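# Reading the structure
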Amino acid sequence: MAAVPGLALLLLLAAAWAGPGAVGQKRKEMVLSEKVSQLMEWASKRSVIRMNGDKFRRLVKAPPRNYSVIVMFTALQPHRQCVVCKQADEEYQILANSWRYSSAFTNKIFFAMVDFDEGSDVFQMLNMNSAPTFINFPAKGKPKRGDTYELQVRGFAAEQLARWVADRTDVNIRVIRPPNYAGPLMLGLLLAVIGGLVYLRGSNLDFLYNKTGWALAALCFVLAMTSGQMWNHIRGPPYAHKNPHTGQVNYIHGSSQAQFVAETHIVLLFNGGVTLGMVLLHEAATSDMDVGKRKIMCIAGIGLVVLFFSWLLSVFRSKYHGYPYRYVCL
């Protein structure tokens, strides 16, 4: 009979020992529920949740958390003059809206934004000195190296961001862009112009067989494609990069795996210069002009080819380090 009180005492001690843990677990669940409810409420009003330092520390950094948060660190205020931030923000909004209004929307992932002027303390806490920057804060643990988006390599197009999000969170987002009527309008305008020309010159359609006109159109298309315009359309890279420490603006990307929009314009100009030089050389060799003018055209053509092709080699060498050839005028 004496063993019964002893057993009861052991059960009481076990309950007392488990009590604080159970209470703590209950409190964690309550805090987590409150955080998820708050985020869901904000997400229902705005796809990208704007955060300051307090909200970031409480909802993103502090445990418990069973959801991932994709955070865009940016500087959108006009006095910051961050053109890339505005362009990246437009794509980020498209991605967040695609997730918010999809049938697969859950509380597994949220999209947030921290502007420098609203959360400079967050930038200092993370030792961040450039914008825009995308970081995935996973549901468990701290962000790893792959959780920081490689903006300079991938660009900031919504489709590229969606692939990165799927890789880091296993959440697949089908990007749905708002309708863009610029293309159909331009096509309609072009057709209207062609139709107007046909109507006005119905009796004389020789302009449709003008070889020079078609050659110029084909040349413009080739120059646009060889300069990398299609890559820009697919990847959505920034126009240029401004070093936040020195303020220096780079128009040529230092890697062979990426490029800037300005870089394609520069390459297009250089290719155009080489083409113009070749045209002048051809005209100098085949035209019926006097010898003096043909010599001038020949010298001008050679100069254009040498100068612009040398610049092309310089661009190539800056992207492929160790390339043996360089700008001949240096």
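Residues numbered from 1 in each chain as written. Predicted model: local features only at pLDDT ≥ 70, side-chain atom pairs only at ≥ 80, totals over all residues. Heavy atoms only, no water.

You'll find the protein entered in an unreviewed UniProt entry as Dolichyl-diphosphooligosaccharide--protein glycosyltransferase subunit MAGT1, with Ceyx cyanopectus given as the organism. If you open the UniProt record of the protein and go to Sequence similarities (unreviewed entry), you find "Belongs to the OST3/OST6 family." Annotation of the protein in UniProt includes, under Pathway (unreviewed entry), the sentence "Protein modification; protein glycosylation." (UniProt positions renumbered as here; feature names shortened; annotations may be inferred.)

## A word on the packing of helix H8 (residues 211-226) against helix H10 (residues 261-286)
Relative orientation of the contacting elements H8 and H10 amounts to 135°, with a least axis distance of 9 Å. What the angle tells us is that H8 and H10 run oblique. For the crossing formed where H8 meets H10, the hand is right-handed. Where H8 approaches H10, its residues Leu219, Leu223, Ala224 and Thr226 are matched on the opposing element by Leu268, Asn271, Gly272 and Thr275. (Axes fitted to C-alpha atoms, helices over the stretch in contact; angles between N-to-C directions. Helix = DSSP H or I, 4+ residues; strand = E, 2+ residues; numbered from the N terminus. Parallel < 35°, antiparallel > 145°, perpendicular 65-115°, else oblique. Left-handed = near helix turned anticlockwise from the far one by under 90°. Contact = heavy atoms within 4.5 Å.)

## Observations regarding the UniProt feature "transmembrane region" (unreviewed entry) in the protein
Using the residue numbers shown here, the UniProt feature "transmembrane region" (unreviewed entry) corresponds to residues 181-200, 212-231, 266-284 and 296-316. In the segment residues 212-231, helix accounts for 90% and strand for 0%; the C-alpha atoms at its two ends are 29 Å apart. With 100% helix and 0% strand, residues 296-316 has end C-alpha atoms that lie 30 Å from one another.

## Considerations on the state of the cysteines
Evaluated as defined, the whole model comprises 1 disulfide. The disulfide partner of cysteine 82 is cysteine 85, and the gap between their sulfur atoms is 2.1 Å. When the S-S torsion is 70°, as for the bridge of cysteine 82 with cysteine 85, the disulfide is right-handed. We note that cysteine 82, like cysteine 85, is buried. (Disulfide = S-S within 2.5 Å. Buried < 20%, exposed > 50% of the residue type's maximum accessible area, 1.4 Å probe, protein only.)

## What about the packing of H10 against helix H11 (residues 291-319)?
Contact pair H10 / H11: the axes reach a minimum separation of 7 Å and the direction vectors enclose 155°. Regarding the angle of H10 to H11, the classification is roughly antiparallel. Classified by chirality, the crossing of H11 by H10 is left-handed. Split into classes, the residues belonging to the contact of H10 with H11 amount to 21 nonpolar, 4 polar and 4 charged. (Nonpolar A, V, L, I, M, F, W, Y, C, P; charged D, E, K, R; others polar.)

## Let's talk about unusual backbone geometry
Excluding glycine, residues mostly carry a negative phi; peptide bonds, for their part, are mostly trans. Note the cis peptide between proline 63 and proline 64, where omega equals 0°. Relative to the assigned elements, proline 64 resides in the loop between helix H2 (53-61) and strand S2 (68-74). Of the consecutive residues alanine 131 and proline 132, the connecting peptide bond is found in the cis state with omega at 0°. Of note in the backbone geometry, glutamine 81 takes a positive phi value of approximately 55° without being a glycine. Within the secondary structure layout, glutamine 81 lies in the loop between S2 and helix H3 (83-100).

## Thoughts on H3
If you check H3, its first and last C-alpha atoms are 26 Å apart, about what 18 residues at 1.5 Å a residue would give, namely 26 Å. Within H3 the residues assigned to the buried category are Val84, Cys85, Ala88, Asp89, Glu91, Tyr92, Ile94, Leu95, Ala96, Ser98 and Trp99. Looking at the packing, one finds that the buried side of H3 touches strand S1 (48-50), S2, strand S3 (109-115), strand S4 (133-137) and helix H6 (158-169). (Expected span 1.5 Å × (residues − 1).)

## Observations regarding the side chain of arginine 65
With respect to the element layout, arginine 65 can be found in the loop between H2 and S2. Aspartate 147 provides the closest opposite charge to the buried, unpaired arginine 65, separated from it by 8.9 Å. Setting aside its immediate chain neighbours within four residues, arginine 65 contacts Leu32, Leu59, Val60, Phe137, Pro138, Ala139 and Gly141. (Lys, Arg positive; Asp, Glu negative; His and termini not counted. Salt bridge = Lys/Arg side-chain N within 4 Å of Asp/Glu carboxyl O.)

## A few points about the sheet that holds S2
Strand order in the open sheet formed by 4 strands is S1-S3-S2-S4, with mixed pairing between adjacent strands. Pairing within the sheet leaves two strands with one partner each, and these edge strands are S1 and S4. Taken over all neighbouring pairs, the strand axes of this sheet differ in orientation by 30° on average, direction set aside. Bridge count between S2 and S3: 7 bridges; the pairing is parallel. If you follow isoleucine 70 over to S3, its bridge partner there is phenylalanine 111. Against the sheet, H3 engages S1, S2, S3 and S4, with an angle of about 160° to S3. (Pairing = 2+ DSSP bridges.)

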